[in-house]
Amino acid sequence: MILKKLISIVASAVMCLVSINSVYAFEASDDPSISICKTEFNDLYEIEYPKVEKDKINSSYEKDVKNGIRLIMFNGSFVKDPGTVIQDETVYISLQKFAYMTGAEVTINRGQSVSININYNGQTLFVKSYSNTDAVLNDKSISMPRRFEMVLDDYYIPLRFICEVFGGEVNYYADYIYNFQHDVRDDVPSINIIAISMDQDRRVAYSIQEAENIIKIASLEKYDQIIEGLKERNIPDYKNKSIYDPNAIRYTGYDLDRYYVFELKGYESLPILFNKYTGELYSHKAGRSFIIIDEGFININWLL
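Values in this document were obtained by computation on a predicted structure and should not be read as measured data.

### What to know about the overall build of the protein chain
In terms of helices and strands, the protein chain carries 5 helices and 22 strands. Scored against the burial criterion, the 304 residues of the protein chain give a buried share of 46%. In the protein chain, the proportion of contacts linking residues at least 24 apart, taken out of those at least 6 apart, comes to 52%.

### Comments concerning the confidence of the model for the protein chain
Residues with a pLDDT of 70 or more make up 86% of the protein chain, whose mean pLDDT is 85. Residue range residues 1–23 is modelled with pLDDT below 50. Its contacts to residues more than four positions away, or to other chains, number 20 contacts.

### Considering the sheet that holds strand β16 (residues 169–173)
Taking strand neighbours across the sheet as the criterion, the 4 strands line up as β6-β5-β17-β16 in an open arrangement whose pairing is mixed. Unpaired on one side and paired on the other, β6 (77–78) and β16 mark the two borders of the sheet. Bridging between strand β5 (residues 69–74) and strand β17 (residues 191–197) involves 6 bridges; their strand directions are parallel. Bridging from a neighbouring strand, Met 73 pairs with Ala 195 of β17.

### As for the pairing of strand β21 (residues 281–284)
A regular strand carries its side chains on alternate faces of the sheet. Of the two faces of β21, the one holding Leu 281 and Ser 283 and the one holding Tyr 282 and His 284 are both buried throughout. Sheet topology note: the strand β20 (residues 272–275)/β21 ladder contains 3 bridges and is antiparallel. Looking at β21, one finds that Leu 273 is bridged to Tyr 282. Following β20, the chain reverses through 5 residues before pairing antiparallel with β21; Gly 279 in that reversal takes a positive phi of roughly 80°. Direction of pairing for β21 relative to strand β22 (residues 291–295): antiparallel, over a ladder of 3 bridges. Looking at β22, one finds that His 284 is bridged to Ile 293. Here β21 folds back onto β22, and the loop between the two strands holds 6 residues.

### Quick notes on the environment of Phe 161
Here Phe 161 shows up in helix α3 (residues 159–165). Remark: the alpha-carbon pair of Phe 161 and Val 91, spanning 70 residues in sequence, is separated by 9.7 Å. Those residues in contact with Phe 161, other than ones at most four positions away along the chain, are Leu 125, Ile 142, Met 144 and Pro 145.

### Thoughts on unusual backbone geometry
The phi torsion of most residues other than glycine is negative, and most of the peptide bonds are trans. Even without being a glycine, Asn 75 presents a positive backbone phi close to 50°. Within the secondary structure, Asn 75 sits in the loop between β5 and β6. The phi angle at Asp 139 is positive, at roughly 70°, despite the residue not being glycine. Tracing the chain through its elements places Asp 139 in the loop between β12 (134–137) and β13 (140–143).

Rules used in this analysis
Residues numbered from 1 in each chain as written. Predicted model: local features only at pLDDT ≥ 70, side-chain atom pairs only at ≥ 80, totals over all residues. Heavy atoms only, no water. Helix = DSSP H or I, 4+ residues; strand = E, 2+ residues; numbered from the N terminus. Buried < 20%, exposed > 50% of the residue type's maximum accessible area, 1.4 Å probe, protein only. Contact = heavy atoms within 4.5 Å. pLDDT = per-residue confidence, 0-100. Pairing = 2+ DSSP bridges.

See the structure below:
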């Protein structure tokens, strides 16, 4: 009888302390590759991501809602199934998704009032009760702008606050297609991107001029490939064929988080993304998807 009671007490204690540290951390960074296309269902879109985990499916589906589709870019890469919600104009994210995305250690203490402890990069946020705004950050009492919310078996936390309290930077980019691809089509949803950077200890960024020079080299290499291809196809006037000016590269004045956004004259609807920290080049590709971002320069030979 005593042994039974002891087992019951231990089991209760284990149930009260629930850790979600077993959630695998998001491993991708500095890779904005993504593909978004329509499905046969109205307002349902398939999104393909780089495969960052072995044997894991790298696609998911998003429903176009009133505010469009929301994507999260974390440290330069898109996060699969971000699952954000909006309440009172505040974007919330699942606590489990935040732990997966950042690698933060989260402990939930299910006592009389549910308290939550979040450890990230040597910093600790202790929320005394998820249902109010009192919290302790690194032993200092603070008041959160919004309380946590419980939905089913998970807790939803205000995204901007939780990232910024741990030293992150959050930027919101509305209607990506309209603003970056200059596309005013009304048959595709608004693609809104929440970009989060939590790896500020980075090397010095490339300047815009350095980025432009690197893109021009890639542009000229592509141009030479196209000329060679036309020559191999025995097109007699390939030397006079007006393809594009490989030096007509222009910085748009816009950045997408850590990516400078450039344009090639004549192909403005296919922006070029330059990672200001790694020097890597990504661009939009033509295809059935209304958004395809992939490594390298624009694949112009597909368009000729």
